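Notes for the structure review
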Amino acid sequence: MKFPTPLIEGKLIKRYKRFLSDIQLPNGDVVVAHCPNTGSMKRCQQDGARVWLSKSNNPKRKLAYTWELVEVDEKYLACINTGYPNKLVGEAIANDVIKELSGYAEQKAEVKYGEKSRIDWLLTGEDGRKCYVEVKNVTLLEEDGRGYFPDAVTGRGRKHFYELAKMVEEGHRAVMFFCVSHTGIDSVTPAAHIDEKYAKAFEEVIARGVEVLAYNVTINQNEMTVLARVPVLMPVFD
């Protein structure tokens, strides 16, 4: 997936009100950029970090700049735009990069299911059997290459787990897909220390037949690409 426009490097001054960030450009100007991430962005908003922005020429936009990437610990790149993982995974499925999800005749995005929810990707086989794929963006690295999800308490995330489990009960496949958009992460686990209820739901729905996949992503200033499968580890509770 290529970025819509060439990215512009800058320096993070601060993020505030969740959706706003002050970024200093190379010429010294400070711009207000849209932050397309509703999470806590734990460890992905370090003061003075190098960041990369896209710029829109749409005169109707309130903010011309969008924050896309951040350098973490001065050596890793992470994508903080949560609008990209669904597209990335969708392209990877279509191109047979994700072997576990290959062989389906039809692929649709944002299909209604469950209780007023939409599944990120619905795959349908020639025989009519369906595979429901929910995509989550993983950017929290804490130690030893281990990535954690979520980075904040998420009741919505638990709801998605149980809706996937219901699809399994109805005879379909259901997959929770962790898109690892951080170049320093080489395994993924539920963040029991952040949201214990989410981690327990993870264990429960796996026992009920929900599958879990995690793939890492290559990231540079031009594009991102789904690369290869990484291990998913069971949560550790205190």
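Calculation notes
- Residues numbered from 1 in each chain as written.
- Predicted model: local features only at pLDDT ≥ 70, side-chain atom pairs only at ≥ 80, totals over all residues.
- Heavy atoms only, no water.
- Helix = DSSP H or I, 4+ residues; strand = E, 2+ residues; numbered from the N terminus.
- Rg over C-alpha atoms; globule rule 2.2 N^0.38 Å.
- Buried < 20%, exposed > 50% of the residue type's maximum accessible area, 1.4 Å probe, protein only.
- Contact = heavy atoms within 4.5 Å.
- Lys, Arg positive; Asp, Glu negative; His and termini not counted.
- Charge placed at Lys NZ, Arg CZ, Asp CG, Glu CD.
- Pairing = 2+ DSSP bridges.
- UniProt positions renumbered as here; feature names shortened; annotations may be inferred.
- Core = buried A, V, L, I, M, F, W, Y, C linked by side-chain atoms within 4.5 Å.
- Axes fitted to C-alpha atoms, helices over the stretch in contact; angles between N-to-C directions.
- Salt bridge = Lys/Arg side-chain N within 4 Å of Asp/Glu carboxyl O.

**Overview of the overall build of the protein chain**
When helices and strands are tallied, the protein chain shows three helices and 15 strands. Its C-alpha atoms give the protein chain a radius of gyration of 18 Å, near enough to 18 Å, the size a compact globule of 238 residues would have. For the protein chain, the spread of C-alpha atoms along the principal axes amounts to about 60 × 45 × 30 Å. By residue count, 49% of the 238 residues in the protein chain fall in the buried class. Contacts spanning at least 24 positions in sequence make up 63% of the contacts within the protein chain whose residues lie at least 6 apart. Across the protein chain, the mean location of the 33 positive side-chain charges is 7 Å away from that of the 33 negative side-chain charges.

**Describing the environment of Asp47**
Structurally, the position occupied by Asp47 is in the loop between β3 (30-34) and β4 (50-55). A sequence separation of 32 residues divides Asp47 from Arg15, and the C-alpha atoms of the two residues are 9.2 Å apart. Discounting chain neighbours no more than four positions away, the residues touching Asp47 are Leu12 and Ile13.

**Here we look at the pairing of strand β10 (residues 140-143)**
As paired strands, β10 and strand β11 (residues 146-149) are joined by three bridges and run antiparallel to one another. When the bridges of β11 are listed, Leu141 appears paired with Gly147.

**Quick word on the environment of Cys44**
Looking at the secondary structure, you find Cys44 in the loop between β3 and β4. Among the residues examined, Cys44 registers a relative accessible area of 1% and is labelled buried. Expressed as a C-alpha distance, the spacing of Cys44 and Leu69, which sit 25 residues apart in the sequence, is 9.3 Å. Those residues in contact with Cys44 that lie beyond four places of it in its chain are Trp67, Val70, Val72, Ala78, Ile80 and Thr139.

**Points about the UniProt feature "domain: SfsA N-terminal OB" (unreviewed entry) in the protein chain**
Mapped onto the present numbering, the UniProt feature "domain: SfsA N-terminal OB" (unreviewed entry) falls at residues 13-79. Regarding residues 13-79, the helix share stands at 0% and the strand share at 48%, and the terminal C-alpha atoms are separated by 18 Å.

**So, the nonpolar core**
Inside soluble globular proteins, nonpolar side chains tend to come together where they are buried. If you look at the biggest cluster of nonpolar residues, it comprises 28 residues, and the most contacted ones within it are Leu69, Val89, Ile98, Leu101, Val133, Phe177 and Met224. Mapped by element, the contributors of at least two residues to this core are β6 (76-79), α1 (84-94), β8 (117-124), β9 (130-138), β12 (173-180), β14 (211-219) and β15 (224-229). It is α1 that contributes the most residues to this core, five residues altogether. Apart from the residues lying within four places of it in its own chain, the contact partners of Val89 are Ile98, Trp121, Val135, Phe177, Cys179 and Val226. In terms of nonpolar packing, the next biggest core, distinct from the first, is built from 26 residues, Leu122, Val138, Ala201 and Phe202 among them.

**Side note on the UniProt feature "domain: Sugar fermentation stimulation protein C-terminal" (unreviewed entry) in the protein chain**
UniProt tags residues 84-222 as "domain: Sugar fermentation stimulation protein C-terminal" (unreviewed entry). End C-alpha to end C-alpha, residues 84-222 measures 14 Å, and it is 27% helix and 39% strand.

**Considerations on the sheet that holds β15**
In spatial order, the strands read β7-β8-β9-β12-β14-β15; together these six strands make up an open sheet with mixed pairing. The outermost strands of the open sheet, each flanked by one partner alone, are β7 (106-113) and β15. If you compare each strand with its neighbour and ignore which way they point, the axes differ by 35 degrees on average. Two strands pair when backbone bridges link them, and β9 and β12 are joined in this way by eight bridges, in the parallel orientation.

**Side note on the pattern of salt bridges**
Counting across every chain of the model gives eleven salt bridges. Here Glu71 and Arg50 are joined by a salt bridge, their closest N and O atoms 3.1 Å apart. You can see Glu71 sitting in strand β5 (residues 65-72) and its partner Arg50 sitting in strand β4, a full 21 residues away along the chain. Assessed through its relative accessible area of 15%, Glu71 is described here as buried. With relative accessibility at 37%, the residue Arg50 sits in the partly exposed group. The partner of Glu134 in a salt bridge is Lys136, with the nearest N and O atoms 3.5 Å apart. Judged by relative accessible area, which is 3%, Glu134 ranks as buried. For Lys136, a relative accessible area of 8% gives the class buried. Several salt bridges share partner residues, and in doing so they unite Glu9, Arg50 and Glu71 into one network.

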